[in-house]
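Each chain, letter by letter, is given below.
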Amino acid sequence: MIGNKWDDLLKQEFQKDYFKELLEFIKQEYKTKTIYPKQNEVFNAFRYTNFDNVKVVILGQDPYHGPNQAEGLSFSVSNEVLKPPSLQNIFKELESDIGIPFPEHNSLKPWAKEGVLLLNAVLTVEEHKPTSHKNKGWEIFTDDVIKLINEKKEPVVFILWGSYARAKKTLITNTKHLIIESAHPSPFSARNGFFGSKPFSKTNQFLKENGIKEIDWRVE
């Protein structure tokens, strides 16, 4: 389904009744409605960041619901559309934190290739209807993914922005990992703790201290 080690790790999950029902639901949704991301991009987070390469997890809630935005990676949009406000704020913090100039590009695929798993808790959404695929089974699946990463021998950084992501902290029990949490980068909350939280420098400092190659946070 994915094309790398994730297939073996998630094999049992793919066989569970809830997941089969979820796939059937999604299949019908794509047939009858406009659903994002494109059907062949739903598992992009796993395709771009193989399990063994995961150094960082940035957890989002569900995909962007506007035309041509979602590309299967949390907070990332294609380079052909305008930057959503949350992504703009992420790039502002990136510049403030480690001095990378505000990018022209939008896609975070370069981060994914560096080992940043850009995981949404829910992997699909109906056009213009945020959280429309909530409680259909995706959360069971992605919680299992978080549990698998929690079991990794190598230290991993979990970046949790906002109350929804921070609630997943209970799944991260391995003390060798680092949890970085703050307010969400949304304009409604960014000034209440996201700006100035320095997630990018903190991540790289932790990786460096553990002998792991740091993330190149440039997107261009």
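Scroll up a little and you will see the structure.
Residues numbered from 1 in each chain as written. Predicted model: local features only at pLDDT ≥ 70, side-chain atom pairs only at ≥ 80, totals over all residues. Heavy atoms only, no water.

Draft legend 1. Structural detail: the pattern of salt bridges. In total, this model carries ten salt bridges according to the counting rule given. Two residues, K129 and E126, come together in a salt bridge whose shortest N-O distance is 3.5 Å. Residue classification places K129 among the partly exposed positions, given a relative accessible area of 45%. When the shortest N-O distance is used, the salt bridge between K168 and D143 registers 2.7 Å. In this pair, K168 is assigned in the loop between α8 (162-166) and β6 (178-182) and D143 in helix α7 (residues 138-150), connecting sequence segments 25 residues apart. Overall, the relative accessible area of 19% leaves D143 in the buried class. (Salt bridge = Lys/Arg side-chain N within 4 Å of Asp/Glu carboxyl O. Buried < 20%, exposed > 50% of the residue type's maximum accessible area, 1.4 Å probe, protein only. Helix = DSSP H or I, 4+ residues; strand = E, 2+ residues; numbered from the N terminus.)

Draft legend 2. Main features of helix α5 (residues 85-98). In a regular helix each residue adds 1.5 Å, so 14 residues correspond to 20 Å; α5 covers 20 Å between its end C-alpha atoms and thus fits that length. Within the span of α5, buried status applies to S86, L87, N89, I90, F91, E93, L94 and D97. Looking at the buried positions of α5, the neighbouring elements they touch are α6 (109-114), β5 (157-161) and α9 (199-209). (Expected span 1.5 Å × (residues − 1). Contact = heavy atoms within 4.5 Å.)

Draft legend 3. The arrangement of the environment of P84 in detail. Examined against the element boundaries, P84 turns out to sit in the loop between β2 (56-60) and α5. For the pair P84 and K134, spaced 50 residues apart in the sequence, the C-alpha separation amounts to 21 Å. Apart from the residues lying within four places of it in its own chain, the contact partners of P84 are Y64, Q69 and V77.

Draft legend 4. Quick peek at the sheet that holds strand β3 (residues 116-120). Ordered by their spatial adjacency, four strands build an open sheet running β3-β2-β5-β6, and the pairing between neighbours is parallel. Across the chains shown, the open sheet's two edge strands, defined by having one partner strand only, are β3 and β6. In this sheet, adjacent strand axes meet at a mean angle of 20° when their direction is disregarded. On top of the sheet, α7 reaches β2, β3 and β5; it is set at about 155° to β3, its chief contact. Running over the sheet, α9 touches β2, β5 and β6 and is turned about 165° from β5. (Pairing = 2+ DSSP bridges. Axes fitted to C-alpha atoms, helices over the stretch in contact; angles between N-to-C directions.)

Draft legend 5. Just the packing of helix α3 (residues 17-32) against α7, in detail. Relative to each other, α3 and α7 sit at 125°, their axes nearing to 9 Å. Taken as axis vectors, α3 and α7 run oblique relative to one another. Seen along the crossing, α3 lies across α7 with a hand that is left-handed. Contact residues: α3 offers Y18, F19, L22 and I26, while α7 offers W138, I140 and F141. (Parallel < 35°, antiparallel > 145°, perpendicular 65-115°, else oblique. Left-handed = near helix turned anticlockwise from the far one by under 90°.)

Draft legend 6. Representation of the side chain of T203 in the model. Relative to the helices and strands, T203 is located in helix α9. Setting aside residues no more than four positions away along its own chain, T203 makes contact with V56, V157, I159, I180 and W217.

Draft legend 7. Region of the structure containing the nonpolar core. Judged by nonpolar contacts, the single largest core of 65 residues is most densely connected at W6, I58, W111, W138, F141 and I149. No other element matches α7, which puts six residues into this core. Beyond its immediate sequence surroundings of up to four residues, I58 is in contact with S74, F75, W111, V116, L117, L118, L119, I159, W161 and W217. (Core = buried A, V, L, I, M, F, W, Y, C linked by side-chain atoms within 4.5 Å.)

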